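Report on the structure
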Amino acid sequence: MAQVHNVSVGYYNMQVIKGKDGAVVVDAGTPGSSVKILAELSKLGIFPQDVRLIICTHGHVDHVGGAGELRMATGAQIVLHKADAKFVREGKSAPLSPTGFFSSLFAAIIRRIKILPLEPDIIIEGEMDISSYGVEGILVPTPGHTPGSISVVLAEGVAIVGDLLAGGMLPWRRGPGLHFLLDNPAEALRSVHAILAKATGLIYAGHGGPFEPDQVRKALELQ
């Protein structure tokens, strides 16, 4: 059974999946995050050469900004969805779509962090089996936060959803909810439904969490 470790890197989380034959890293933080990530991997007994895949859940700088340098350090392949890859390969962030005043301020800050142009090794459009990388699970398109957001669903029912869900980013909301940057709110809700249909274990997110599936259903009134 794979082990999922939630690693805090600044104001966001990334996840490390330790499988039977190597490790998979989910998200890579902002530029310069690789030193912190490699240190956290070392604490888990994972050497750089053990990392076989870097999954970028979407093309925002706090999730994909450090992917290139992490690839150089580990030799792992980077996977990203086609809809977000078209921005990242040009050194741009995927769409930052504020839903209110606070999120507009946050988006303005994020836009100031530059992304180096990045060419993913693997570009997906549909689901992808990742068992050949030592972890039993699939990648699932979950658009809504960005057009090319993807999530990981492991064989044991644990899910890693990037910024499809978020908690703790707003002082008045500690539990799970949709992120305050949404390319398509209706599509995001459909993606949450899709994940809840597959996830039976904890749901890990880029901010806050992890969350129980019933906690998400209650918070989003999806019962």
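Keep in mind it's a predicted model, so treat the numbers as computed, not measured.

1. Structural notes on the overall build of the chain
- The number of helices and strands found in the chain is seven helices and 13 strands.
- Taken along the three principal axes of its C-alpha coordinates, the chain extends 40 × 40 × 30 Å.
- Burial status across the chain gives 54% buried among its 223 residues.
- Considering only intrachain contacts with a sequence separation of at least 6, the fraction spanning at least 24 residues in the chain is 65%.
- Just so you have it, the chain exposes about 9500 Å², and 54% of that area is on carbon and sulfur atoms.
- The chain carries 19 positive and 21 negative side-chain charges, and their two centres are separated by 5 Å.

2. Some points on the sheet that holds strand β7 (residues 128-129)
- The five strands are arranged β7-β8-β9-β10-β13 in an open sheet whose pairing can be described as mixed. Among the strands making up the open sheet, the edge pair consists of β7 and β13 (203-204).
- Relative to strand β8 (residues 137-141), β7 runs antiparallel, the two being bridged by two bridges. Paired with Asp129 across the two strands is Ile138, which belongs to β8.
- Across the sheet, helix α6 (residues 185-198) is in contact with β8, β9 (150-154), β10 (159-160) and β13; its angle to β9 comes to roughly 10 degrees.

3. Some points on unusual backbone geometry
- Cis geometry is adopted by the peptide bond preceding Pro210, which originates at Gly209 and carries an omega value of 5 degrees.
- Relative to the elements of secondary structure, Pro210 occurs in the loop between β13 and α7 (213-219).

4. Topic: the pairing of strand β1 (residues 3-9)
- With seven bridges connecting them, β1 and strand β2 (residues 12-19) associate as antiparallel partners. Bridge assignment links His5 to a residue of β2, and that residue is Val16.
- Where β1 hands over to β2, the hairpin turn is made up of two residues, of which Gly10 adopts a positive phi near 75 degrees.

5. Focus: helix α3 (residues 67-74)
- Those residues of α3 not exposed but buried are Ala67, Leu70 and Thr74. Viewed along the axis of α3, the buried residues span an arc of 60 degrees, placing them on a single side of the element.
- On its buried face, α3 is in contact with β3 (22-26), α1 (34-43), β4 (51-55), α2 (61-64) and β5 (77-81).
- Just downstream of α3, Gly75 is the residue with a positive phi angle, here 80 degrees.

6. Describing the nonpolar core
- Grouped together as the largest cluster of nonpolar side chains are 31 residues, with contacts concentrated most on Met14, Leu41, Val51, Ile54, Cys56, Val64 and Ala67.
- Excluding residues within four positions of it along the chain, Met14 makes contact with His5, Asn6, Val7, Val9, Val25, Val26, Asp27 and Ile37.
- In this structure, Ala2, Ile122, Met128 and Tyr133 belong to the second largest nonpolar core, which totals 21 residues.

7. Details of α6
- For α6, built from 14 residues, the straight-helix expectation of 20 Å at 1.5 Å per residue is met to within 8% by its first-to-last C-alpha distance of 20 Å.
- Burial in α6 covers these residues: Ala188, Ser191, Val192, Ile195 and Leu196. Burial along α6 is one-sided: seen end-on, the buried residues are contained in an arc of 140 degrees. Those residues of α6 that are exposed and aimed more than 90 degrees away from the buried face are Arg190 and Ala197.
- Elements in contact with the buried residues of α6: β9, β10, β11 (165-166), β12 (177-178), β13 and α7.
- At the N-terminal boundary of α6, the capping side chain belongs to Asn184, with an oxygen 3.3 Å from the backbone nitrogen of Ala186.

8. Quick look at the environment of Gly91
- Residue position: Gly91 is located in the loop between α4 (82-88) and α5 (101-111).
- For the pair Gly91 and Ile54, spaced 37 residues apart in sequence, the C-alpha to C-alpha distance is 18 Å.
- The residues contacting Gly91, other than those within four sequence positions of it, are Ile115, Leu116 and Pro117.

9. Regarding the side chain of Asn13
- With respect to the helices and strands, Asn13 occurs in strand β2.
- Residue Asn13 is classed as buried on the basis of its relative accessible area, which comes to 10%.
- At a separation of 3.0 Å, a polar atom in the side chain of Asn13 contacts the main-chain carbonyl oxygen of Gly208.
- Beyond its immediate sequence surroundings of up to four residues, Asn13 is in contact with Asn6, Val7, Ser8, Ala205, Gly206, His207 and Gly208.

The rules behind each value
- Throughout this document, residue positions are counted from 1 along each chain, in the order its sequence is written.
- Per-residue local features of the predicted model are confined to residues with pLDDT of at least 70, and side-chain atom pairs are confined, for both listing and counting, to 80 or more; whole-chain, interface and lining totals are unaffected and use all residues.
- Excluding hydrogens and water, the side-chain figures rest on all heavy atoms present in the structure.
- A run of H or I in DSSP becomes a helix once it reaches four residues, and a run of E becomes a strand once it reaches two; helices and strands are each numbered from the N terminus.
- Only protein chains enter the calculation, and the probe is 1.4 Å; a residue is then buried if its accessible area is under 20% of its type maximum, exposed if over 50%, and partly exposed in between.
- Any two residues having at least one pair of non-hydrogen atoms within 4.5 Å are treated as being in contact.
- With residues, only the protein chains shown are counted as cover, and all accessible areas are computed by Shrake-Rupley using a 1.4 Å probe.
- Counting rule applied: Lys, Arg positive; Asp, Glu negative; His and chain ends not counted.
- To locate a charge, take atom NZ for lysine, CZ for arginine, CG for aspartate or CD for glutamate.
- A strand pair is defined by DSSP finding two or more bridges across the two strands.
- Throughout, an axis means a line fitted to C-alpha atoms (over the contacting stretch in the case of helices), and angles, computed between N-to-C directions, take values from 0 to 180 degrees.
- The arc in question is formed by the directions pointing from the helix axis toward the C-beta atoms.
- To qualify as a nonpolar core, a set must consist of buried Ala, Val, Leu, Ile, Met, Phe, Trp, Tyr and Cys residues joined through side-chain atoms within 4.5 Å.
- Helix span, expected: 1.5 Å multiplied by one less than the number of residues in the helix.
- Within 3.5 Å is the distance limit for a polar contact, defined as a pair of N or O atoms, with the added protein rule that one can donate a hydrogen and the other accept it, and that residues adjacent in sequence qualify only through two side-chain atoms.

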